[in-house]
Structures are given as structure tokens and as C-alpha cells.
Amino acid sequence: APPAGALSFAAAVDLALCLNPSTRSAWAAARQQAAALGSAESAWLPSISATGSETRTYGEHVDATGGIVSTPQDTRDAALNLSWTLYDFGARGGRITSARRLLDAAAATASSAVQQTVLNVVQSYYGLVAADAQVIAAKTTEADDERALEIARALSEGGAGTLADVLQAETAYDQAVLIRIQ
């Protein structure tokens with residue numbers, strides 16, 4: 001949720017980077033390519049598998065010495081299999097190189113998306129700051145023109161000013177109001 005109150009520039013950039021769909025998808029694509037590279041590099045690792053079993057035989061059966069016995073017999077088997085491909089005629093190397101290049105491309109895309117998002121935030125944020133400053137300046141100009149209009153009317157009523165001065169001050173004031181509203 002966006003923070004309440006005034007939004008700092010750093011908070012605006014943080015929100016944009018976290019909530020912008022293009023940066024999120026570019027980051028996800030980069031993570032996917034990193035996982036693909038890890039998967040390709042895993043081909044260099046050995047594989048190991050283990051199996052085990054245990055059986056119990058009841059009733060008459062032939063034991064290990066060849067005699068017939070009727071006592072229960074336990075048999076346990078265990079196996080460990082280790083395989084490691086030492087040479088594969090370059091098949092793994094090509095996949096790893098390809099995955100690394102795809103990761104580099106995805107990282108560059110993510111970087112570009114982040115930079116574009118930050119640029120958009122900078123332009124928008126400082127555009128808003130400039131617009132706020134223009135509104136403050138327009139209000140100041142409007143207040144000054146209103147005061148000038150009051151002075152022109154007072155001078156005209158006192159006989160020291162002309163109607164043209166009053167009309168000119170009214171026009172300046174009306175223009176200042178229009179600029180502020182725009």
C-alpha cells in the first residue's frame with residue numbers, strides 16, 4: 001500500500017520498482033535464467049543414488065549353508081550407485097555457455113527496465129515538484145495583482161487614478177487567476 005502523506009523521491013522510486021509490472025517480469029525472467037544456468041551447470045556434478053531392502057522369510061527354506069531350516073530368516077541388501085560423466089564431447093559446455101548468455105541478456109533486460117522505471121519516476125516526480133512551485137508562484141502573483149487592483153481602485157476613488165488604471169489592474173488580476181487555475 002502506498003504510504004500516507006508526502007512521498008519522498010526515494011520512496012517513489014522504491015514503490016515504482018516494486019509495483020511496476022515490467023520490472024517485476026524482467027526480474028522474474030532473470031531469476032528463471034539463473035535457475036536454467038544452475039540446472040545446466042549441474043550436469044558437471046556427479047549423481048548418486050542409494051537403494052536398500054530388507055526381507056524376512058518364514059517357514060521352511062534353504063539357509064545360506066544349504067540346509068533346510070524353519071526359523072525366520074532376515075535378508076538385507078543395500079546398494080550405492082555413483083556416476084560421474086567425465087567427458088561428453090562438449091555437450092554440457094555448449095548448454096552452459098548458452099544458458100550463461102541467456103542469463104546475461106535477461107540481466108541486461110532487467111537493468112534496462114529498472115533504468116527506464118527510475119527515469120520515469122525522476123521525470124514525473126520533479127515534474128510534480130515544478131508544477132507545485134508554479135502553483136505557489138501563481139498564487140503569489142494573483143495576491144500581488146489583487147493588491148494592485150485594490151490600490152488602483154482606491155486611487156481612482158480618491159481622484160488620483162484613472163479608470164484605465166483600474167481596468168488594467170482588473171485585467172492583470174483576472175489573468176493571474178486564470179493562470180493559477182490552469
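Quick note: structure is the one above.
Predicted model only: the values in this text are computed from it and were never measured.

K.L.:
Looking at this model, I keep getting lost on the overall build of the protein chain. Mind explaining?
P.N.:
For the protein chain, the helix and strand inventory stands at four helices and four strands. Against the globule reference of 16 Å for 182 residues, the protein chain gives a C-alpha radius of gyration of 41 Å, more extended than a compact globule. With the C-alpha coordinates aligned to their principal axes, the bounding extent of the protein chain is approximately 140 × 45 × 15 Å. Taken over 182 residues, the protein chain has a buried fraction of 17%. Nonlocal contacts in the protein chain, meaning residues at least 24 apart in sequence, comprise 64% of its contacts between residues at least 6 apart. On the protein chain, the mean spot of the 12 positive side-chain charges and the mean spot of the 19 negative ones are 10 Å from each other.

K.L.:
In this structure, what is going on with a nonpolar patch on the surface? I would like to understand it.
P.N.:
On the surface, W84, L86, Y87 and F89 cluster together into a nonpolar patch covering about 620 Å² of accessible area. Note that Y87 resides in the loop between β4 (73-83) and α3 (91-158).

K.L.:
What's the story with the packing of aromatic side chains in this structure? I'm lost.
P.N.:
A ring pair, where both rings are aromatic, is described by two values, the distance of the centres and the angle of the planes. Per the counting criterion, the structure on display carries three aromatic pairs. Pairing F9 with Y125 gives two aromatic rings, centres 5.5 Å apart and planes at 65°, and the pair type is edge-to-face. Of this pair, F9 sits in helix α1 (residues 9-19) while Y125 sits in helix α3, placing them 116 residues apart in sequence. Centroid distance F9 to Y126: 5.5 Å. Interplanar angle 35°. Geometry classified as tilted. In this pair, F9 sits in helix α1 while Y126 sits in helix α3, placing the two residues 117 residues apart along the sequence. The structure contains a cluster of three or more aromatic residues connected by ring pairs, namely F9, Y125 and Y126.

K.L.:
Quick question: what am I supposed to make of the side chain of E142 here?
P.N.:
Considering the arrangement of structural elements, one finds E142 in helix α3. Discounting chain neighbours no more than four positions away, the residues touching E142 are Y173, A176, V177 and R180.

K.L.:
Looking at this model, I keep getting lost on the nonpolar core. Mind explaining?
P.N.:
Nonpolar side chains tend toward joint burial in soluble globular proteins. In terms of nonpolar packing, the biggest core is built from six residues, these being L149, A152, V166, A169, Y173 and V177. Within the residue set of this core, elements represented by two or more residues are α3 and α4 (163-181). Among the elements that line this core, the one with the most residues is α4, at four residues. The residues contacting Y173, other than those within four sequence positions of it, are E142, D145, E146 and L149.

K.L.:
In this structure, what is going on with the environment of A152? I would like to understand it.
P.N.:
One can find A152 in helix α3. Overall, the relative accessible area of 10% leaves A152 in the buried class. It is 97 Å that separates the C-alpha atoms of A152 and Y87, two residues lying 65 residues apart in sequence. Among residues more than four places away in sequence, those in contact with A152 are D165, V166 and A169.

K.L.:
Explain the side chain of T117 to me, please; I cannot follow it from the model alone.
P.N.:
Within the secondary structure, T117 sits in helix α3. By relative accessible area, which is 4% here, T117 ends up buried. When sequence neighbours within four positions are dropped, the list of residues in contact with T117 reads A16, L17, N20, S22 and T23.

K.L.:
I tried to follow the pattern of salt bridges on my own but got confused; where do I start?
P.N.:
Pairing is possible between side chains of opposite charge, provided their charged atoms come close. In total, this model carries six salt bridges according to the counting rule given. D74 is the salt-bridge partner of R56, the closest N and O atoms lying 2.7 Å from each other. Linking R56 in strand β1 (residues 47-57) with D74 in strand β4, this pair joins segments that are 18 residues apart in sequence. For D74, a relative accessible area of 34% gives the class partly exposed.

What counts, and where the lines are drawn
Residues numbered from 1 in each chain as written. Predicted model: local features only at pLDDT ≥ 70, side-chain atom pairs only at ≥ 80, totals over all residues. Heavy atoms only, no water. Helix = DSSP H or I, 4+ residues; strand = E, 2+ residues; numbered from the N terminus. Rg over C-alpha atoms; globule rule 2.2 N^0.38 Å. Buried < 20%, exposed > 50% of the residue type's maximum accessible area, 1.4 Å probe, protein only. Contact = heavy atoms within 4.5 Å. Lys, Arg positive; Asp, Glu negative; His and termini not counted. Charge placed at Lys NZ, Arg CZ, Asp CG, Glu CD. Patch = residues over 30% accessible without salt bridge, like charges linked within 9 Å, V, L, I, M, F, W, Y side chains within 5 Å. Areas by Shrake-Rupley, 256 points an atom, 1.4 Å probe, with all protein chains shown as cover. Salt bridge = Lys/Arg side-chain N within 4 Å of Asp/Glu carboxyl O. Phe/Tyr/Trp six-rings, centres within 6.5 Å; stacked < 30°, edge-to-face > 60°. Core = buried A, V, L, I, M, F, W, Y, C linked by side-chain atoms within 4.5 Å.

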